[in-house]
Amino acid sequence: MLPSFTPALCLWTVLFWAAVPLSAQSAPAAPPAELTKDAAKIYAQFCVSCHGENLDGGLGGSLVDDIWKHGDGSDEHLTRIITGGIASLGMPAFGEVLDASRVRGQVVFIREKAARAREAGTSYAKPLDPGAVVKSEAASFRVEPLATGLGVPWSVAFLPGDAGLLIAERSGALRVWRAGALVPEPVEGTPKVWAKGQGGLLVVQAHPDFAQVGNGWIYLAFSDPSEEGSAMTAIVRGRIRDGRWVDEQDIYRAPRALYRKGGVHFGTRLVFDQGYLFFGIGERGAQEQAQDLTRPNGKIHRIFDDGRVPADNPFASVPGALPTIWSYGHRNPQGLVARPGTTGEGLEIWENEHGPRGGDELNRIKRGANFGWPLITYGMNYNGTPVSADTARDGLEQPVLHWTPSIAVCGLDFYTGGRFPGWQGNLLVGSLKQQELRRLVLDDGKVKSQEVLFRGIGRVRSVQTGPDGLVYVCLEDPGRVVRLVPAP
Ligand code: HEC
């Protein structure tokens with residue numbers, strides 16, 4: 001029992017200092033500063049002596065082996081133990097020293113370390129070789145390079161017949177891929193975009209009735225620069241004639257006064273349904289504005305696909321609120337898709353968005369709902385300080401699923417093509433950080449299981465099922481569009 005004495009003693013000294021109000025402490029040489037909010041520092045200060053530098057145990061048990069002795073391993077279990085301790089075994093109660101948000105920080109910190117520990121022991125297929133067959137759970141496939149030598153491709157649009165593909169590059173270039181080859185010159189005359197940080201030409205998409213006479217509309221969503229050096233997500237539509245962008249119309253532009261400086265969190269993706277157009281804008285790095293209905297950022301919006309604003313939007317009659325808002329409390333939407341077969345009143349829109357450090361979310365968008373950022377989140381700030389102690393609150397929506405630690409979700413689509421029968425109705429999710437393409441199996445609106453289809457061949461920026469039933473993926477570094485093709 002002796003070995004337990006020394007760390008425990010140090011701990012109690014620390015606890016004592018932290019527990020005594022600053023005013024009551026006789027002034028030491030350097031008075032203890034306010035307790036840090038940095039989860040790693042808190043761990044180093046209060047936990048490392050017993051649970052080890054790598055959280056793999058010592059006097060206290062391992063926190064990264066997924067073996068839990070005193071509960072089911074849920075967040076609630078960890079929160080309960082950290083707060084209340086296990087007196088009989090020498091696990092101190094930290095509820096007096098660490099407030100709820102700092103305890104939450106420890107839970108996320110433990111999850112991160114556990115994921116890193118798991119990954120260190122994982123090997124995975126790298127189907128870089130175009131000939132290599134990836135054998136996954138429900139289908140075997142090859143990853144076939146389609147368009148290579150691109151800048152940074154962010155989305156593709158499928159054109160009917162043999163018209164090929166349009167590819168949006170971050171730089172603002174709109175590229176055409178036709179008859180097996182990339183047209184060397186980008187489309188001329190597309191709008192100037194703010195290609196800095198996370199900004200650029202975000203989306204290219206054809207109107208669902210593109211092929212009908214008189215339509216031919218192509219939509220572009222992009223980071224729109226102002227003269228003052230600020231930017232906001234905007235949408236235009238136009239047509240392509242003889243390699244030129246023509247007939248341009250503004251579809252969505254926020255008031256200039258609401259544009260923001262800073263290069264993060266633009267969103268977005270587009271969903272068309274029965275004459276409506278849904279899209280998301282990230283909070284542009286201003287967390288609290290996600291809750292502010294007078295701001296366009298941090299919201300999913302609904303407009304008509306010609307830019308008019310529907311009179312029956314949820315906040316249309318709220319004084320001061322922007323009438324385009326459909327839902328709010330979003331951090332940075334990176335995927336938005338309608339569930340195939342749903343439309344009108346029954347339309348199901350699914351969304352994924354980046355959390356901060358932890359707390360990437362998969363959501364089902366609901367009219368007028370508040371998705372909680374930054375009041376609730378499963379993540380913490382990048383510097384290790386908490387965003388919020390709460391992961392849930394009355395009146396705020398819960399995600400269908402959250403990824404903690406974050407995988408940096410990007411792109412989202414339902415698979416309904418004919419080429420991978422084993423993937424019918426599954427959700428495909430890309431990941432920037434993990435360079436993964438994931439397949440999510442749904443059951444009754446919940447995610448039943450996840451499979452990594454491939455990993456490590458580039459940041460996955462978008463994933464889209466083509467009209468041919470193949471899965472098209474935009475990859476970065478080097479920039480290319482690949483497609484998943486069934487293999488025997
Ligand atoms: C003085 C030593 C000591 C310190 C300091 C300490 N723990 Fe523990 N902890 C223990 C012991 C002992 C157990 C029980 C281990 C066992 O049964 O194998 C435990 C158990 C736990 C468990 C439950 C594990 C399970 O299997 O259910 C969690 C979670 C935990 N500690 C987190 C923390 C965190 C976070 C900190 C810092 C804020 C911390 N501990 C600081 C000794 C310590």
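What counts and what doesn't
Residues numbered from 1 in each chain as written. Predicted model: local features only at pLDDT ≥ 70, side-chain atom pairs only at ≥ 80, totals over all residues. Heavy atoms only, no water. Donors = N, O, S within 2.8 Å, 3.2 Å for Na, K, Ca; no water. Tetrahedral: all angles 85-135°; square planar, octahedral: opposite > 155°, others 65-115°. Helix = DSSP H or I, 4+ residues; strand = E, 2+ residues; numbered from the N terminus. Buried < 20%, exposed > 50% of the residue type's maximum accessible area, 1.4 Å probe, protein only. Domains from an automatic or database assignment. Contact = heavy atoms within 4.5 Å. Buried area = accessible area lost by both parts, 1.4 Å probe. Salt bridge = Lys/Arg side-chain N within 4 Å of Asp/Glu carboxyl O. Polar contact = N/O pair within 3.5 Å; in protein donor to acceptor, adjacent residues only side chain to side chain. Nonpolar A, V, L, I, M, F, W, Y, C, P; charged D, E, K, R; others polar. Phe/Tyr/Trp six-rings, centres within 6.5 Å; stacked < 30°, edge-to-face > 60°. Lys NZ or Arg CZ within 6 Å of the ring centre and 35° of its normal. pLDDT = per-residue confidence, 0-100. Pairing = 2+ DSSP bridges.

1. Regarding the coordination of the iron atom of the ligand
Here the iron atom of the ligand is held by the protein donor atoms H51 (NE2) and M91 (SD), which lie 2.0 to 2.1 Å from it. Bound by 6 donor atoms, the iron atom of the ligand shows angles of 86 to 179 degrees at the metal and therefore octahedral coordination geometry. Of this pair, H51 sits in helix 3 (residues 48-51) while M91 is found in the loop between helix 4 (75-84) and helix 5 (100-120), placing the two residues 40 residues apart along the sequence. By relative accessible area, H51 is classed as buried at 12%.

2. Overview of unusual backbone geometry
Looking along the chain, the bond that leaves W373 and enters P374 is cis, with omega of -5 degrees. Inspection of the secondary structure assignment puts P374 in the loop between strand 17 (360-365) and strand 18 (401-403). The omega torsion of the bond from T404 to P405 falls at 5 degrees, within 30 degrees of zero and hence cis. Within the secondary structure, P405 is located in the loop between strand 18 and strand 19 (409-414). One non-glycine residue, H265, lies in the positive phi region at around 60 degrees. Among the secondary structure elements, H265 is positioned in the loop between strand 10 (244-252) and strand 11 (270-273). In this model, Q274 sits at a positive phi of 45 degrees, which is unusual for a non-glycine residue. Relative to the elements of secondary structure, Q274 occurs in the loop between strand 11 and strand 12 (276-281). Judged by relative accessible area, which is 57%, Q274 ranks as exposed.

3. A look at the domain arrangement of the protein
Segmenting the protein into domains produces domain 1 (2-120) and domain 2 (133-486). Taken over C-alpha atoms, the centre of domain 1 sits 39 Å from the centre of domain 2. Taken residue by residue, the interface counts 16 residues in domain 1 and 14 residues in domain 2. Between domain 1 and domain 2, a total of about 1200 Å² is buried, with carbon and sulfur atoms accounting for 61% of that surface. Between the two partners, domain 1 and domain 2, sit 1 salt bridge. A salt bridge links E112 to R357; the nearest nitrogen and oxygen atoms lie 2.8 Å apart. Between the two partners, domain 1 and domain 2, sit 2 residue pairs in polar contact (both at pLDDT 80 or more). Counting residues per element, the side of domain 1 that touches domain 2 draws most heavily on helix 5, which supplies 12 residues. Classifying every residue of the side of domain 1 that touches domain 2 by side-chain character gives 5 nonpolar, 2 polar and 9 charged.

4. Quick word on the packing of aromatic side chains
Each pair of aromatic rings is reported with the distance of its centres and the angle of its planes. Considering all chains together, one arrives at 14 aromatic pairs under this definition. Plain terms: the ring middles of F46 and F94 are 5.9 Å apart, the flat faces sit at 65 degrees to each other, and that makes the pair edge-to-face. Pair noted here: F46 is in helix 2 (residues 39-46) and F94 is in the loop between helix 4 and helix 5, with a separation of 48 residues, a long-range link. For the pair shown, F46 and F94 are each scored as buried. On the numbers, 5.1 Å between centres and 20 degrees between planes, the contact of Y276 with F304 is stacked. One end of the pair, Y276, is in strand 12; the other, F304, is in strand 13 (residues 299-304), with 28 residues separating them in the sequence. Members of the aromatic cluster, connected to one another through ring pairs, are F141, Y415, F420 and W423. The aromatic ring of Y276 is capped on one face by R302, whose charged end is 4.0 Å from the ring centroid. Above the ring of F304, the side-chain terminus of R308 is found at 4.4 Å from the ring centroid.

5. Comments concerning the confidence of the model for the protein
Confidence in the prediction of the protein, expressed as mean pLDDT, is 90, and 91% of residues score 70 or more. Note on residues 1-32: pLDDT under 50 across the span, and 20 contacts to partners over four residues away in sequence or across chains.

6. Notes on the pairing of strand 20 (residues 427-431)
Of all the 5 residues making up strand 20, 5 are buried; the element is thus mostly covered by neighbouring parts of the structure. Side chains of strand 20 alternate between two faces, with L427, V429 and S431 and L428 and G430 buried alike. Taken together, the 5 bridges between strand 19 and strand 20 define a ladder with antiparallel strand orientation. Its bridge partner being in strand 20, C410 is matched across the sheet by G430. Looking at chain direction, strand 20 and strand 21 (residues 436-443) are connected through 5 bridges and run antiparallel. Within the sheet, the bridge partner assigned to L428 lies in strand 21 and is R439. Linking two consecutive strands that pair antiparallel, namely strand 20 and strand 21, is a turn of 4 residues; a positive phi of about 50 degrees is found at Q435 within it.

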